[in-house]
Every structure is written in C-alpha cells, then in structure tokens.
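Single-letter residue listing:
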Amino acid sequence: MPKFLLIHGPNLNKLGTRDGKHYGLTTLANIEKLVSDEAKIYDYEIKAFQSNHEGALIDFLQAETPKAAGIIINPGALTHYSYALFDALVDANLPVIEVHLSDIKNREPFRKNSVIAAACIGQIVGKKEIGYTEAVQLLVRHIKNYGRD
Ligand code: DQA
C-alpha cells in the first residue's frame, strides 16, 4: 500500500494536556488513528513520527521520503524558524501539506509566518484535528490529478 508520512514536531507529544482552546483536547495517538483511518479509505497507509528534536525530524524525512507518496506535517514551533526543515521538505520532492491545530494567523505575531509554507502544496490552520482529515483528502486529490510532485 502506498504510504503517507505523518510528522509532528516539538511539544505535540503533549497534545491532550496543552491549551485546549488552541489545540483541542485530542491526544497525538488519537490524531494518528484518525489520519490512519482516513487514509485507509483511499488505500494509503500512514507512517507516523514525532520528535522534539529538529535533527531527528530531518533524519526521519531523509530516510523515509524515498518510500513515501506524500507528507502531512505539523512542525510545531519549528514552523516559524526552521530553514533546515524547509530544505529537507524541498529535498523530499513530494507533495506536502502543512497542518496547524490552532489558527496561527490570529495568535502571537511570531506565529503568523511559516518558513516551511513555500515547500508545501497546502496549509490548513485553525481546524483542530479535522484539519488532518482534510490534509489526507487534499493529498489524495493532488496525487490523482498531478502525480507525486
Ligand atoms: C502549532 C502552532 C505552533 O505555533 C505551536 O508552536 C505548536 C502547535 C499548531 O498546531 O497550532 O506547537 O503548530
């Protein structure tokens, strides 16, 4: 079965205990199950990974992207400053959807900018966990219409 990578950055292992107003009440395990169930509908499987370390996320991308069809990523705060993650996503040469649980456009000013957005075919913000099921649908539609790139 073709595979999507589902990647989470720093502090997202704490979902369920973080500020529910911004991030909802769902745990990361629940989000991974939600995405996996949604992907199965379209005959894709999910390989999920979370790390609090920028380098570990990049190592995972380098190892796994050659075997994947697309990427769903919520990089946490790395969204706002990690040019290394941006480069790794460009190098992946796969369709990427950026997801944020909270509405990063309407929070502290430093959250407004995403340095990884230019490596992505879409960005979904502020829809809590529902954003992830939309991301699966966008990836599937994109691959159907344009292939992997
Ligand atoms: C987040 C938004 C980021 O600004 C923040 O650092 C996170 C989570 C979100 O999903 O809304 O950790 O990516």
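Because the structure is a prediction, the values reported are computed rather than measured. (Residues numbered from 1 in each chain as written. Predicted model: local features only at pLDDT ≥ 70, side-chain atom pairs only at ≥ 80, totals over all residues. Heavy atoms only, no water.)

J.: Which parts of the structure should I look at to understand the pairing of strand β5 (residues 122-125)?
T.: Taken residue by residue, a regular strand's side chains alternate between the two faces of the sheet. What you see with β5 is a clean split: Gly 122 and Ile 124 sit on the buried side and Gln 123 and Val 125 on the side with no burial. Where strand β4 (residues 96-100) and β5 come together, four bridges link them in parallel fashion. Opposite Val 99, over in β5, you have Ile 124 as the bridge partner. (Buried < 20%, exposed > 50% of the residue type's maximum accessible area, 1.4 Å probe, protein only. Helix = DSSP H or I, 4+ residues; strand = E, 2+ residues; numbered from the N terminus. Pairing = 2+ DSSP bridges.)

J.: Honestly, the packing of helix α2 (residues 28-41) against helix α5 (residues 130-146) in this entry has me stumped. Any pointers?
T.: Across the interface, α2 lies against α5 with an axial gap of 9 Å and an inter-helix angle of 30°. When the axis of α2 is compared with that of α5, the two are roughly parallel. Taken as a pair, α2 and α5 cross one another with a handedness that is right-handed. Packed against α2, whose contacting residues are Ile 31, Leu 34, Val 35, Glu 38 and Ala 39, the element α5 presents Tyr 132, Thr 133, Val 136 and Gln 137 at the interface. Taken together, the residues of the contact of α2 with α5 break down into six nonpolar, two polar and one charged. (Axes fitted to C-alpha atoms, helices over the stretch in contact; angles between N-to-C directions. Parallel < 35°, antiparallel > 145°, perpendicular 65-115°, else oblique. Left-handed = near helix turned anticlockwise from the far one by under 90°. Contact = heavy atoms within 4.5 Å. Nonpolar A, V, L, I, M, F, W, Y, C, P; charged D, E, K, R; others polar.)

J.: Just checking my understanding: could you explain the sheet that holds strand β2 (residues 45-50) for this structure?
T.: The strands that make up a sheet are held in pairs by hydrogen bonds between backbone atoms, and each pair lies either parallel or antiparallel. In spatial order, the strands read β2-β1-β3-β4-β5; together these five strands make up an open sheet with parallel pairing. The sheet is open, and its two edges are formed by β2 and β5, each paired on a single side. Each adjacent strand pair in this sheet contributes to an overall mean axis angle of 20°, direction not counted. In the packing of helix α3 (residues 54-64) onto the sheet, the strands contacted are β1 (3-8), β2 and β3 (70-74), and the crossing angle to β1 comes to about 175°.

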